[in-house]
Amino acid sequence: MIARLLRSLLIIGTLLVSFETVSFAQEMTNSPRSITLPTDPFSFQSGAGQEIANSYCVICHSADYIYMQPEHSQKKWQAIITKMKHVFGCPIPQDQITPLAAYLFQQNSVSPPTQ
Ligand code: HEC
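Everything in this summary refers to the structure shown in the same document.

What counts, and where the lines are drawn
Residues numbered from 1 in each chain as written. Predicted model: local features only at pLDDT ≥ 70, side-chain atom pairs only at ≥ 80, totals over all residues. Heavy atoms only, no water. Near = heavy atom within 4 Å. Polar contact = N/O pair within 3.5 Å; in protein donor to acceptor, adjacent residues only side chain to side chain. Helix = DSSP H or I, 4+ residues; strand = E, 2+ residues; numbered from the N terminus. Nonpolar A, V, L, I, M, F, W, Y, C, P; charged D, E, K, R; others polar. Core = buried A, V, L, I, M, F, W, Y, C linked by side-chain atoms within 4.5 Å. Buried < 20%, exposed > 50% of the residue type's maximum accessible area, 1.4 Å probe, protein only. Contact = heavy atoms within 4.5 Å.

## What about the site of the ligand?
Moving on, step 1. Looking at the ligand, there are 17 residues lining it, with Cys57, Cys60, His61, Lys83 and Met84 nearest.
Moving on, step 2. The separation between a nitrogen atom of the ligand and a polar side-chain atom of His61 is 2.8 Å.
Moving on, step 3. At a separation of 2.8 Å, an oxygen atom of the ligand approaches a polar side-chain atom of Lys83.
Moving on, step 4. Within the residue set of the shell around the ligand, elements represented by two or more residues are helix 3 (63-67), helix 4 (74-86) and helix 5 (97-107).
Moving on, step 5. The greatest single-element share of the shell around the ligand, amounting to 5 residues, is contributed by helix 4.
Moving on, step 6. Across the shell around the ligand, the residue classes tally to 14 nonpolar, 2 polar and 1 charged.

In structure tokens:
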């Protein structure tokens, strides 16, 4: 008798759980959802050399990290890029270092837009 009662309760419980699952699934598919992605304020800004920076300078850290640096001379940027290449293994080709240094020098005083 008790076993039969328990079995009935188990069946009723299982049914309730399945109904819940179905109504949850319906709710998920019936209500339209949309999301708006935020604009990325931390990308390299347009200018000659932007593509080089996008290709080689966001492999290990963000563009934002570079914009946060204090102002440097173009020569100093050249030295930083050279360090990234030879010390940290940045795969930037040698002939891209000078144009990138010019770009970063120009960008150095530009802050990324904040939304
Ligand atoms: C292979 C990984 C890697 C790549 C690619 C890379 N960096 Fe770095 N970068 C690092 C690491 C690691 C540090 C942190 C060094 C530290 O904490 O002392 C760093 C730090 C820096 C700093 C902070 C100042 C300094 O001298 O440490 C600047 C600026 C910088 N990177 C610029 C660049 C630029 C520009 C590029 C693209 C040419 C670049 N990085 C690509 C690894 C990388």
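## Observations regarding the nonpolar core
Moving on, step 1. In terms of nonpolar packing, the biggest core is built from 16 residues, with Phe44, Ile81, Ile92, Leu100, Tyr103 and Leu104 touching the most fellow members.
Moving on, step 2. Contributions of two or more residues to this core are made by helix 2 (50-56), helix 3, helix 4 and helix 5.
Moving on, step 3. Tallying contributions element by element places helix 5 first for this core, with 5 residues.
Moving on, step 4. Setting aside residues up to four positions removed in sequence, Ile92 forms contacts with Ile52, Tyr56, Ile81, Lys85, Ile97 and Leu100.

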